[in-house]
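Architecture at a glance
Chain by chain, the residues run as shown.
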Amino acid sequence: MITVFGSCGLDLIANVPRLPAPGETVLGGVFGMSPGGKGANQAMAVKRSGRAVRFAGAVGNDDFAPRALELLKADGVDLEATKVAQGEATQIASIFVDAKGENVIAVLPGANATMTPGDADTALADLPAGTIVMMQQEINQKATERALDIAREKGLVSILNTAPFLPDTPGMAHKASILVANETEFALLCNGRTEPLDGLMLAWARDNKQTVIVTLGAEGARAATADGTIISVPAYKVTPVDTVGAGDTFCGYLAAGLDEGLSLEAAMRRAATAASLACLKPGAQPAVPTIGDVEAVLG
């Protein structure tokens, strides 16, 4: 069973014709609320891919907590390791989505900031070697770093998604078995360099003895492995409605494919297709496609 150690919350989504500039007010259209948080989104993607998953995270003891967990519960994600932080608010993400499906997001961590290294110890304590553990960077970074260290000690397969990119991300990114970053995040890891992408990825993978995957939006994704292999997979071409959950869908489907025993290339191809399909509906968790949806496209 895959374990996702990370964030959970509620997304407040406002649709606007274009993203406002600093100091500008833009009149929008439809408003909606849906369960979110990068960790919970990724857990949902694992589950809808057909694999078993447990989510270890935190919600507050407020009115938003039940709504934040409702889709995970409905889909059968194991929530035994999810804690309720007394006196804290559930994470809120305020999201603006423009007419082209692009977005800007502000996150108020709330209960996610209460996650501790001790929570990592508890969540990963009984996992056997080879278990896949997936992390992001929306919770207390000390807890994420402890989870990465435990994974190394126990021989777990750790996947770290570098979103959102934080000041100390470069200092801990090398600890993961598999690193997943978008183009902007990977450039930050490479001191602003963007070209040649393959060369930078190969150097990173070799120097850190890990697999690095860079997601490229509509262009798919590329991977470099420590043995010098480059893998490229395409995205499924769509006209996006909302790209909010695409990256998390990619990560969840990637972990699920590897857990299923697929090759890295096959897992990435399925993940890239799933991420494209996630852009066809609004919201993060509600938009995650099922494995049936993905296989219908892949054939």
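For the structure, see preceding data.
Residues numbered from 1 in each chain as written. Predicted model: local features only at pLDDT ≥ 70, side-chain atom pairs only at ≥ 80, totals over all residues. Heavy atoms only, no water.

1. Points about a nonpolar patch on the surface
For clarity, the cut-off: For patch building, the residue pool is restricted to those with more than 30% relative accessible area and no salt bridge; the joining distance is 9 Å between like charges and 5 Å between nonpolar side chains (Val, Leu, Ile, Met, Phe, Trp, Tyr). Here the accessible surface of atoms and residues is derived via Shrake-Rupley with a 1.4 Å probe, and residues count as covered only by protein chains that are part of the display. Counted as salt bridges are all cases of a side-chain nitrogen of Lys or Arg within 4 Å of a carboxyl oxygen of Asp or Glu. Each helix is a run of DSSP H or I of at least 4 residues and each strand a run of E of at least 2, with the numbering of both proceeding from the N terminus. Only protein chains enter the area calculation, which uses a 1.4 Å probe; residues under 20% of their type maximum are buried, those over 50% are exposed, and those in between are partly exposed.
Where nonpolar side chains cluster on the molecular surface, the patch consists of Phe31, Met33 and Phe64 and spans about 270 Å² of accessible area. Structurally, phenylalanine 64 can be placed in helix α2 (residues 64–75). For phenylalanine 64, a relative accessible area of 32% puts it in the partly exposed group.

2. A short note on the packing of helix α9 (residues 264–277) against helix α10 (residues 291–298)
Counted only if it meets this: Helix axes use the C-alpha atoms of the stretch in contact, all axes being lines fitted to C-alpha atoms, and the angles between their N-to-C directions lie in the range 0 to 180 degrees. The cut-offs work like this: below 35 degrees is roughly parallel, past 145 is roughly antiparallel, 65 to 115 is roughly perpendicular, and the gaps in between are oblique. The contact criterion used throughout is that any non-hydrogen atoms of two residues lie within 4.5 Å. Each residue is assigned to one class: nonpolar for Ala, Val, Leu, Ile, Met, Phe, Trp, Tyr, Cys and Pro, charged for Asp, Glu, Lys and Arg, and polar for all the others, Gly among them.
Contact geometry for α9 and α10: axes closest at 10 Å, N-to-C directions at 110°. Comparing the axis directions of α9 and α10 gives the class roughly perpendicular. From α9, Arg269, Arg270, Thr273, Ala274 and Leu277 reach across to α10, where they touch Ile291, Asp293, Val294, Glu295, Val297 and Leu298. Of the residues assigned to the contact of α9 with α10, the class counts are six nonpolar, one polar and four charged.

3. Looking at the layout of surface pockets
Rules: A cavity here means a set of 1 Å grid points, computed over protein atoms only, where a 1.4 Å probe fits but cannot escape. A pocket is an open set with protein on both sides within 12 Å along at least 5 of 7 lines, and lining residues have an atom within 4 Å of a point. Grid points are joined across faces, edges and corners, and a volume is the space filled by probe spheres set on the points.
Considering only enclosed or pocket space, the largest pocket measures out at about 1,200 Å³ in volume. The wall of the largest pocket is formed by 46 residues, among which Asn182, Thr243, Val244, Ala246 and Gly247 lie closest to the centre. Those elements giving two or more residues to the lining of the largest pocket turn out to be α1 (38–48), β7 (91–97), β8 (103–108), β11 (178–182), α6 (183–189), α8 (246–260) and α9. Tallying contributions element by element places α8 first for the lining of the largest pocket, with five residues.

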